[in-house]
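Breakdown of the fold
Each chain, written out:
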Amino acid sequence: SKFSSFTPQGLSNTAWGFASVGYNPGPEFLSALRDNIVREGHTYIVTECANLLWSFQAFKEHPGDECLDVVCRRIAEFSEEDLSVHTITNMMYCLAQFEYLPHRDVMDRIEELGVIFLRRSDDDGGAVPVAPHMISNLLWSLSNLRYKPDEAFFAAFDAKCTSMVDEFTD
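Overview of the structure. (Residues numbered from 1 in each chain as written. Predicted model: local features only at pLDDT ≥ 70, side-chain atom pairs only at ≥ 80, totals over all residues. Heavy atoms only, no water.)

Quick notes on the packing of aromatic side chains
Scanning the model with the defined rule gives seven aromatic pairs in all. Plain terms: the ring middles of F18 and Y23 are 5.1 Å apart, the flat faces sit at 65° to each other, and that makes the pair edge-to-face. By relative accessible area, Y23 is classed as partly exposed at 43%. Judged by centre distance (6.5 Å) and plane angle (80°), the rings of F56 and F59 are edge-to-face. Of this pair, F56 and F59 both sit in helix α3 (residues 46–59), separated by three residues, roughly a single helical turn. On the basis of relative accessibility, which here comes to 2%, the residue F56 falls in the buried class. We classify F59 as buried; its relative accessible area is 7%. (Phe/Tyr/Trp six-rings, centres within 6.5 Å; stacked < 30°, edge-to-face > 60°. Buried < 20%, exposed > 50% of the residue type's maximum accessible area, 1.4 Å probe, protein only. Helix = DSSP H or I, 4+ residues; strand = E, 2+ residues; numbered from the N terminus.)

A few points about unusual backbone geometry
Here the phi dihedral of K60 falls at roughly 60°; this positive angle occurs in a residue that is not glycine. When you line up the elements, K60 lands in the loop between α3 and α4 (65–77). Positive phi values are uncommon outside glycine, yet R146 reaches one of about 55°. Structurally, R146 can be placed in the loop between α7 (132–144) and α8 (151–163).

Looking at the environment of L95
The residue L95 is located in helix α5 (residues 85–97) in this model. A relative accessible area of 0% means that L95 is categorised as buried. Taking the C-alpha atoms as reference points, L95 and S141, separated by 46 residues in sequence, lie 7.8 Å from one another. In contact with L95, not counting residues within four places along its chain, are L53, L68, C72, Y100, P102 and L145. (Contact = heavy atoms within 4.5 Å.)

As structure tokens, this is what we get:
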């Protein structure tokens, strides 16, 4: 009954909390959540978008293409400072689970940020190290979506993998 008074953070935290404990709140809640994302998603911050994508994936519920359109348009608007390779990878993993390939401008932005993050040295001031499983998950996501990045992405990907080959496991 208080759904309409929740902030985007409150909604994403609630959905994330339900998903974290394996509780699917049911069709009425999920329908209201979808409606809110479509209506207000253009104002969500990166954490709210990521938490909602992960929650729907954990619920094993498709959020709907209209919701995903809104979230993906928002992803394209985030600055480099708002995103990390972990966030991009986690969101792409969820999108791949939904078999949803974002519009070309969103994928161009994801590739652009991917190249930046993959080229960054792990000892750059404040840079978050790129873990091997993140690289694997990102490539799996792109593959699952049948999306082939451009040569700049593959060059950065190859260089990063080569530089950290000893960190990879089977």
